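Commentary on secondary and tertiary structure
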Amino acid sequence: MEVIIHQTYAEMSRAAAEAVADVLNAKPNAVIGMATGSTPLGVYQELVRMHKGGGLDFSQVTTFNLDEYVGLPTTHEQSYHRFMHENFFRQVNIPPQNVHIPSGTTSNYRAFCAWYEQRIEECGGIDVQILGIGSDGHIAFNEPASSLSSRTRLKTLAKQTIDDNARFFSSRDEVPVYAITMGVGTIMEARKILLLANGAKKAEAVAAAVEGPVTSMITASALQMHPDATVYVDEPAASKLKMREYYDWIQKKKPDAPRV
Ligand code: PGA
């Protein structure tokens, strides 16, 4: 994994947005894997800015979101459908029919999950996947002990995740207990992965994911097995990385590295 440390959340978000824009510039009909949560908001703001100010075009883009809470209607303030619409989709020109978000209200979750996997495949697979990381090391809602080859499925959230996400609801009791989520195996098939983390609360999870053993107890650690995963962190989130100086050294030396 490549680890890129920025001083601030804004700089980190800009760098990750540029990586997404590079994919889009090379392949205007790219398939983007989208994440929700507070972490990717800066990336979305930056992509919207590039769209409005710099003409970054999303008209041929297809998207797949990682997950959705079970039981929340799409109009619910905390549904990921609503989150994506407000924070990204309504501000760029992705055709609505190209947007895919897991359904939290389907009458048949098993069939829906199989269809979601099939749709990803039909669209040619995910070119670039944006990811956050939970304080328990999860990616999407793949909680500790999730199979590292899991596919899209219904998942029971960990108490830690319910606690973490309670801040978005008026009470802890309102946080859904179940979610539908892409699996670790689904995520690992993306051609390029950008994992983002900011703030001291993520420092331990980041260190475990990047420098710990590959383990289903920290599902983000599976990314060590991915050929093109980059970790974007701010200073507080990088604070527990043992090899931090080396990561900075790599970035410093990158421009002079032999190109062929
Ligand atoms: P956050 O969530 O961005 O709101 O911290 C990250 C996650 O749980 O994946």
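A brief structural summary.

Reading the values: rules and limits
- Residues numbered from 1 in each chain as written.
- Predicted model: local features only at pLDDT ≥ 70, side-chain atom pairs only at ≥ 80, totals over all residues.
- Heavy atoms only, no water.
- Near = heavy atom within 4 Å.
- Polar contact = N/O pair within 3.5 Å; in protein donor to acceptor, adjacent residues only side chain to side chain.
- Nonpolar A, V, L, I, M, F, W, Y, C, P; charged D, E, K, R; others polar.
- Axes fitted to C-alpha atoms, helices over the stretch in contact; angles between N-to-C directions.
- Helix = DSSP H or I, 4+ residues; strand = E, 2+ residues; numbered from the N terminus.
- Parallel < 35°, antiparallel > 145°, perpendicular 65-115°, else oblique.
- Left-handed = near helix turned anticlockwise from the far one by under 90°.
- Contact = heavy atoms within 4.5 Å.
- Buried < 20%, exposed > 50% of the residue type's maximum accessible area, 1.4 Å probe, protein only.
- Lys, Arg positive; Asp, Glu negative; His and termini not counted.
- Salt bridge = Lys/Arg side-chain N within 4 Å of Asp/Glu carboxyl O.

**Re the site of the ligand**
Gly 37, Ser 38, Thr 39, Gly 132, Ile 133, Gly 134, His 138, Arg 167 and Lys 202 make up every residue found near the ligand. A distance of 2.9 Å separates an oxygen atom of the ligand from a polar backbone atom of Ser 38. A distance of 2.4 Å is found between an oxygen atom of the ligand and a side-chain nitrogen or oxygen belonging to Thr 39. Of the residues contributing to the shell around the ligand, the split by class is 1 nonpolar, 6 polar and 2 charged.

**Brief notes about the packing of helix α1 (residues 9-26) against helix α2 (residues 41-54)**
Orientation of α1 relative to α2, taken along the N-to-C sense of each, is 55°, at an axis distance of 8 Å. On the basis of the axis angle, α1 is oblique to α2. Remark: the crossing between α1 and α2 carries right-handed chirality. Seen from α1, the contacting residues are Tyr 9, Ser 13, Arg 14, Ala 16, Ala 17, Glu 18, Val 20 and Ala 21; seen from α2, they are Leu 41, Gly 42, Val 43, Glu 46, Leu 47 and Met 50. Tallied by class, residues from the contact of α1 with α2 come to 9 nonpolar, 2 polar and 3 charged.

**Comments concerning the side chain of Arg 153**
Within the secondary structure, Arg 153 is located in strand β7 (residues 153-156). Of the side chains bearing the opposite charge, Glu 117 lies closest to the buried Arg 153, which forms no salt bridge; the N-O distance is 7.6 Å. A polar side-chain atom of Arg 153 sits 2.9 Å from a polar atom in the side chain of Asn 142. A distance of 3.5 Å separates a polar atom in the side chain of Arg 153 from a polar atom in the side chain of Ser 150. In this structure Arg 153 touches Cys 113, Asn 142, Ser 146, Ala 179, Ile 180, Thr 181, Met 182 and Gly 183, once residues within four positions along its chain are discounted.

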